[in-house]
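# A closer look at the structure
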Amino acid sequence: MAIKWINKYSGETGFVQSIDTKARHFVNTWEQSEAKVYKTEANAQKAISRLIEFGEGDNNIFELVSA
């Protein structure tokens, strides 16, 4: 599973390549093949929760996609 993001305002989309916990944001990639792959849905959901906690959910919608 990978995490796809959709900007709420522009409709732009991409994928989460990594999460920078120190800077409290995600690193983007436009290529799904470069997105971080989560082994379980639970781990992916935890990552989404962390992104929302960081404030990334203010501008983005996150969804799980097959990797």
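First, a word on what this report is: a plain description of the structure on this page. In this text the structure is predicted, and so the values were computed from the model without any measurement. (Residues numbered from 1 in each chain as written. Predicted model: local features only at pLDDT ≥ 70, side-chain atom pairs only at ≥ 80, totals over all residues. Heavy atoms only, no water.)

Now for the overall build of the protein. The helix and strand inventory of the protein stands at one helix and four strands. Relative to a compact globule of 67 residues, whose C-alpha radius of gyration would be 11 Å, the protein shows 11 Å and is just as compact. Considering only C-alpha atoms, the protein reaches an extent of 30 × 25 × 15 Å along its principal axes. The buried share of the protein, reckoned over its 67 residues, is 31%. Counting only contacts in the protein whose residues sit at least 6 apart along the sequence, the fraction spanning at least 24 positions is 55%. As displayed, the protein has an accessible area near 4300 Å², and 46% of this comes from carbon and sulfur atoms. Averaging the locations of the 8 positively and 9 negatively charged side chains of the protein gives two centres separated by 8 Å. (Helix = DSSP H or I, 4+ residues; strand = E, 2+ residues; numbered from the N terminus. Rg over C-alpha atoms; globule rule 2.2 N^0.38 Å. Buried < 20%, exposed > 50% of the residue type's maximum accessible area, 1.4 Å probe, protein only. Contact = heavy atoms within 4.5 Å. Areas by Shrake-Rupley, 256 points an atom, 1.4 Å probe, with all protein chains shown as cover. Lys, Arg positive; Asp, Glu negative; His and termini not counted. Charge placed at Lys NZ, Arg CZ, Asp CG, Glu CD.)

With that settled, the discussion passes to helix 1 (residues 41-53). For helix 1, with 13 residues, the first-to-last C-alpha span of 18 Å sits near the 18 Å given by 1.5 Å per residue. Buried-residue contacts for helix 1 involve strand 1 (2-7), strand 2 (13-20), strand 3 (25-29) and strand 4 (60-65). G55 sits one or two residues past helix 1 and shows a positive phi near 95°. (Expected span 1.5 Å × (residues − 1).)

Let's shift gears to the packing of aromatic side chains. Both the distance between ring centres and the angle between the ring planes are used here to describe each pair of aromatic rings. Counted according to the given criterion, the structure contains three aromatic pairs. With a centroid separation of 5.9 Å and 80° between ring planes, the pair formed by F26 and F62 is classed as edge-to-face. Of this pair, F26 sits in strand 3 while F62 sits in strand 4, and the two are 36 residues apart along the sequence. Judged on exposure class, the residue F26 and its partner F62 are both buried. Aromatic rings pair up to connect W5, F26, W30 and F62 into one cluster. Over the face of the ring belonging to Y38 we find K36, whose NZ or CZ atom lies 5.2 Å from the ring centre. (Phe/Tyr/Trp six-rings, centres within 6.5 Å; stacked < 30°, edge-to-face > 60°. Lys NZ or Arg CZ within 6 Å of the ring centre and 35° of its normal.)

This paragraph deals with the environment of T13. In this fold, T13 is placed in strand 2. Distance from T13 to W30, taken between C-alpha atoms, is 7.6 Å for residues 17 residues apart in sequence. Those residues in contact with T13, other than ones at most four positions away along the chain, are K4, W5, I6 and W30.

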